[in-house]
Amino acid sequence: MRIKRKITVGSSYKLSCKTMENINIYVQKAKEQLEARQKLVKSFVDKNPMPEVEYCEKHPKVAITNYEAEFVEDTNQVEWVKSYIGCKVCENEEKLTELMEMANIPPRYFDVKASNKYRHYVDNTKGILFTGGVGTGKTYELVALMKSLILNGKSVMFRTFGEICRQIRDAVGDNTYTELYNKYLNTDIFVIDDLGVENSTPFIKEFLYNLINDLYNNKKVILMTTNLTSTELLANYTQRVVSRLNEMCAIVKLEGQDRRNKKILVENKGSLDKK
């Protein structure tokens, strides 16, 4: 026997329908109000030129204020609303200065402009050894590359070879050698300026090989400069060091009287074993 049940529309259902109807009415009114305000804003902008913006004193072409035409509820009118956006160039310069200080770049080179000239090596996990005589601009080119890498989010640590020797000696004396060594390793790009500027003890030579080798094994990039010729490098740092550098680095030789003169750039893709 089939039992028929009468289905009725309850009050809750009717209330729900009424609520949805009210919501739709509210949405439609809000939409109409928004469209009306947009027309008012457009008409205001067409009739009222935007006020003059302010510019950075240091960078006169960079605007530091902006104006937006907005409908103001309190006055029920459209007005130009001023906002301060700051100088993005100054912000980037301040950020770069902070990052350069963290990377230990000498203040003398803070004004060097970033350059992507040699980025293709580093982007392919290849280091660079800048060689050449005194005053040919090796450190200048090195810092320009470092700045480019820093701006692209790479962690960089700059040390002169003399500074490394002093830090290692001090670390051995106060038992912080392992901490210092790991600090050198835990950076994307490790930089050694003026390799060979100081006479190296057997311990420093062994340290240098271990550091270069560990950077290599951890797929880190090393950037270096030196005044030494390939023959002098072999004499001072053994075949092991030179062989590893050949494997890790592109050899870029800078020639010229000093960096104020025009330099002849030679990208030598050969071996350090050759003069």
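These numbers come from a predicted model, not from an experiment. (Residues numbered from 1 in each chain as written. Predicted model: local features only at pLDDT ≥ 70, side-chain atom pairs only at ≥ 80, totals over all residues. Heavy atoms only, no water.)

Undergrad: Explain the confidence of the model for the protein to me, please; I cannot follow it from the model alone.
TA: Parts of the prediction with low pLDDT should not have their coordinates interpreted in detail. Averaged over every residue, the pLDDT of the protein is 83; the share at 70 or more is 87%. Mean pLDDT values for the elements of the protein range from 54 in strand β8 (residues 264-268) up to 94 in strand β6 (residues 221-226). Ignoring residues within four places in sequence, the model shows residues 1-7, a span with pLDDT below 50, making zero contacts including any to other chains. (pLDDT = per-residue confidence, 0-100. Helix = DSSP H or I, 4+ residues; strand = E, 2+ residues; numbered from the N terminus. Contact = heavy atoms within 4.5 Å.)

Undergrad: What is the right way to look at the pattern of salt bridges in this model?
TA: Side chains that carry opposite charge are capable of pairing whenever their charged atoms lie near each other. Taken as a whole and assessed by the stated rule, the structure comprises ten salt bridges. For the salt bridge of Arg 240 with Glu 206, the shortest nitrogen-to-oxygen distance reads 3.0 Å. Linking Arg 240 in helix α8 (residues 230-248) with Glu 206 in helix α7 (residues 202-217), this pair joins segments that are 34 residues apart in sequence. Judged by relative accessible area, Glu 206 falls into the partly exposed class, the value being 36%. (Salt bridge = Lys/Arg side-chain N within 4 Å of Asp/Glu carboxyl O. Buried < 20%, exposed > 50% of the residue type's maximum accessible area, 1.4 Å probe, protein only.)

Undergrad: Just to check I follow, could you spell out the packing of aromatic side chains for this structure?
TA: Describing an aromatic ring pair means giving the distance of the ring centres and the angle of the ring planes. Inspection of every chain in the model, using the stated rule, returns nine aromatic pairs. Judged by centre distance (4.9 Å) and plane angle (45 degrees), the ring pair of Tyr 184 and Phe 190 falls under tilted. For the pair Tyr 184 and Phe 190, a shared accessibility class is recorded, and that class is buried. Given the relative accessible area of 0%, Tyr 184 is considered buried. (Phe/Tyr/Trp six-rings, centres within 6.5 Å; stacked < 30°, edge-to-face > 60°.)

Undergrad: Looking at this model, I keep getting lost on the packing of helix α6 (residues 177-185) against α7. Mind explaining?
TA: In a pair of packed helices, the angle between the axes and the distance between the axes together describe the arrangement. In contact at an axis separation of 10 Å, α6 and α7 are set at 40 degrees when each is read in the N-to-C sense. If you check the angle between α6 and α7, you find them oblique. Like other packed secondary-structure pairs, α6 and α7 cross with a definite hand, here right-handed. The residues of α7 that touch α6, namely those facing Tyr 177, Tyr 181, Tyr 184 and Leu 185, are Phe 203, Phe 207, Asn 210, Leu 211, Asp 214 and Leu 215. (Axes fitted to C-alpha atoms, helices over the stretch in contact; angles between N-to-C directions. Parallel < 35°, antiparallel > 145°, perpendicular 65-115°, else oblique. Left-handed = near helix turned anticlockwise from the far one by under 90°.)

Undergrad: Teacher, can you tell me more about helix α4 (residues 138-151) here?
TA: Each α-helix turn comprises 3.6 residues. Residues three or four places apart therefore point the same way. For α4, which comprises 14 residues, the first-to-last C-alpha distance of 20 Å matches the rise-based estimate of 20 Å (1.5 Å per residue) to within 8%. Within α4, twelve of the 14 residues are buried, which leaves the element mostly enclosed by the surrounding structure. Inspection of α4 places Lys 138, Thr 139, Glu 141, Leu 142, Val 143, Ala 144, Leu 145, Met 146, Lys 147, Ser 148, Leu 149 and Ile 150 among the buried residues, and these make up the whole buried set. Downstream of α4 by one or two residues, Gly 153 has phi in the positive range, about 85 degrees. (Expected span 1.5 Å × (residues − 1).)

Undergrad: Sorry, what's going on with the pairing of strand β2 (residues 77-84) here?
TA: Sheet faces and side chains relate simply in a regular strand, where the side chains alternate between the two faces. Two strands pair when backbone bridges link them, and strand β1 (residues 65-72) and β2 are joined in this way by eight bridges, in the antiparallel orientation. Bridge assignment links Tyr 67 to a residue of β2, and that residue is Lys 82. (Pairing = 2+ DSSP bridges.)

Undergrad: What am I meant to see in the packing of helix α5 (residues 161-173) against α6 here?
TA: Two numbers describe how α5 lies on α6: the axes approach to 8 Å, and their chain directions differ by 145 degrees. The residues of α6 that touch α5, namely those facing Ile 164, Gln 167, Ile 168, Ala 171 and Val 172, are Tyr 177, Leu 180 and Tyr 184.

Undergrad: Is there a simple way to think about the side chain of Thr 225 in this case?
TA: Considering the arrangement of structural elements, one finds Thr 225 in strand β6. Sequence-distant contacts of Thr 225, defined by excluding residues within four places in its chain, comprise Leu 129, Phe 130, Lys 138, Thr 139, Leu 142, Ile 192, Asp 193, Asp 194 and Leu 195.

Undergrad: Before we go on, may I ask you to explain α7 in this structure?
TA: Helix length check: α7 (16 residues) gives 22 Å between terminal C-alpha atoms against 22 Å at 1.5 Å per residue, within 8%. Turning to α7, its buried residues are Ile 204, Phe 207, Leu 208, Tyr 209, Leu 211, Ile 212, Asn 213 and Leu 215. For α7, the elements touching its buried residues are α5, α6, β5 (189-195), β6 and α8. Note on α7: the residue one or two positions beyond its end, Lys 219, has a positive phi of about 60 degrees.

Undergrad: For this particular structure, what's the right way to read the pairing of β5?
TA: Among the seven residues of β5, six are classified as buried, and the element is accordingly described as predominantly covered. Looking at chain direction, strand β4 (residues 156-160) and β5 are connected through five bridges and run parallel. By the bridge assignment for β5, Arg 159 is matched with Ile 192. The sheet contact formed by β5 and β6 spans five bridges and is parallel. The residue bridging Leu 195 from the neighbouring strand is Thr 226, located in β6. Taking the sense of rotation as the criterion, the β-α-β connection linking β5, α7 and β6 turns out right-handed. (Right-handed = clockwise from strand over helix to strand, strands pointing away.)

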